[in-house]
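# Residue-level structural notes
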Amino acid sequence: MVADSQMSPRAPIDSPLEQGLLQARSVTWIGRLTSPWTLAISLLAVILIAGGPLQQLELFLAKMWLYRINPDLIWFAQNVLDRIASNAVCLPVLAVVALVLARRRRSWRPIVFALLTEAAFLIGVGGMKVFLARGVTYDRDPRFFQAGFFEKGPEGISFPSGHAAEAVLVYGAAVYLIARYSSASPRLVRLLCWGVGAITVNSVVVSFVLGWHWVSDLVGGVLAGGLFLRLLIDGDERSRARWDDGDGVPGRAALRKRTSSVVEVHPHRHLH
C-alpha cells in the first residue's frame, strides 16, 4: 500500500478558505471542551478529588444497586450490556473498519491509527491503572496506591475504568476513521457519534449499577479515553496536513520536497 493514490481537486490545506474553516472549528465550544489541555486538566482534577474529598461520597454510592432494584436483569447487564465496551467486542470492530478503509484507500494510515489506538489504551490507560493502584469497590477502600496489579491482579487496578475508556477511545477511533477516510455523509457521522455517546453512557451506567467501579473510576475512564483519542486525532491530522491532504494531494512539506527535487533534477527549467 502507498499513501492515498487517488487524486482529488481539493485545495491545499494552507488555502485561505480551508484555513478559515480550521480556525472556525478550533474556536467552537466543543473544540475547547475536548482540547487535550482541557481533558488533561479535568482528568487530573478528578484524580485529586477522588483521592480526598470525594471518598466518603464514593463509599456511599458504591453499592450493587441492580441487585436491589431488579436482580432478574443482572445476567443481561453482565453478559450483554457490559460486554459492548469490552476489548473482545470493540477491538474487532475497529480492526474491521481499519482494514476495509485501508484496502479501499490503498493506504496504511487507517491500520496505523488503529494500532496506535490500541497502544494508547494498553500503555496509556493501562499505565494509569497500574500506577494509581486503586482497589475495586468490594475492598471498600477508595484510596489510591493501596492495591496494585501485582498484589491483587485485575481487582487492584480500578482507576480509570477500562470499559468507559474503551467506549470513548476505541469506538471513537472507528468513527474518526470512517469520517476521515471514507465518503460517509455528515449525517451518518453524526449518527455514529451519537452511537459512541450511547455506548459510553451504557458502559458507565452498567458498571455503576452493578457496583463494579467507583464513580470517579467511570468519570476518569471517559476523560482518559477522550484525552488519548484527541491526541491521536490531532497527531493524525498534523501528519496528513504535513504530507498530504488525505486525498492524494500533497501538503506543504510534501510539496516543498517534490519542488526541491524537481529543481535539483532540472536546475535550468523555469517552474510555472
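Throughout what follows, the structure given in this document is the object of discussion.

About the criteria used
- Residues numbered from 1 in each chain as written.
- Predicted model: local features only at pLDDT ≥ 70, side-chain atom pairs only at ≥ 80, totals over all residues.
- Heavy atoms only, no water.
- Helix = DSSP H or I, 4+ residues; strand = E, 2+ residues; numbered from the N terminus.
- Contact = heavy atoms within 4.5 Å.
- Buried < 20%, exposed > 50% of the residue type's maximum accessible area, 1.4 Å probe, protein only.
- Polar contact = N/O pair within 3.5 Å; in protein donor to acceptor, adjacent residues only side chain to side chain.
- Core = buried A, V, L, I, M, F, W, Y, C linked by side-chain atoms within 4.5 Å.
- Axes fitted to C-alpha atoms, helices over the stretch in contact; angles between N-to-C directions.
- Parallel < 35°, antiparallel > 145°, perpendicular 65-115°, else oblique.
- Left-handed = near helix turned anticlockwise from the far one by under 90°.
- Phe/Tyr/Trp six-rings, centres within 6.5 Å; stacked < 30°, edge-to-face > 60°.
- Lys NZ or Arg CZ within 6 Å of the ring centre and 35° of its normal.
- Patch = residues over 30% accessible without salt bridge, like charges linked within 9 Å, V, L, I, M, F, W, Y side chains within 5 Å.
- Areas by Shrake-Rupley, 256 points an atom, 1.4 Å probe, with all protein chains shown as cover.
- Salt bridge = Lys/Arg side-chain N within 4 Å of Asp/Glu carboxyl O.

Here V89 is to be found in helix α7 (residues 87–105). The residues touching V89, leaving out its near neighbours within four places in the chain, are R83, I84 and Y171.

Checked against the element boundaries, R109 lands in helix α8 (residues 109–132). Given the relative accessible area of 16%, R109 is considered buried. A distance of 3.1 Å separates a polar atom in the side chain of R109 from a polar atom in the side chain of S239.

This next bit is on the nonpolar core. One broad rule of soluble globular proteins: the nonpolar side chains tend to lie buried together. Residues L43, F159 and L177 are the most contacted members of the largest nonpolar core, which totals 42 residues. Breaking this core down by element, the ones donating at least two residues are α3 (36–50), α7, α8, α10 (162–181), α11 (186–209) and α12 (215–243). Of all the elements, α10 adds the most residues to this core, at twelve residues. Leaving out residues up to four positions away in the same chain, L177 has contacts with L94, V97, A98, L101, P110, F113 and S182. Listed in part, the six residues of the second largest apolar core include I74, A77, V209 and L210.

To continue, consider the packing of α10 against α12. Between α10 and α12, the shortest axis-to-axis distance is 7 Å and the interhelical angle comes to 25°. When the axes of α10 and α12 are compared, the pair comes out roughly parallel. Our pair here, α10 against α12, has a crossing hand that is right-handed. In contact with A164, A165, V168, L169, G172, A173, Y176, R180 and Y181 of α10, α12 contributes L218, G221, V222, G225, G226, F228, L229, L232, I233, D236, E237 and R240.

Any pair of aromatic rings gets described here by the distance separating the centres and the angle formed by the planes. Tallied over the full model, the rule gives five aromatic pairs. With centroids separated by 5.7 Å and ring planes inclined at 80°, the aromatic side chains of F149 and F150 adopt a geometry described as edge-to-face. Each residue in the set F131, F144, F145 and F159 is aromatic and connected to the rest through ring pairs, giving one cluster. Its guanidinium or amino end placed over the ring of F60, K63 lies 4.3 Å from that ring's centre, counting from NZ or CZ. Note that R134 overlies the ring of F144, its terminal NZ or CZ placed 4.7 Å from the centroid.

Taken together, the side chains of M64, Y67 and Y138 present a nonpolar region at the surface, about 290 Å² in accessible area. Counting through the fold element by element, M64 comes out in the loop between α4 (55–61) and α5 (65–69).

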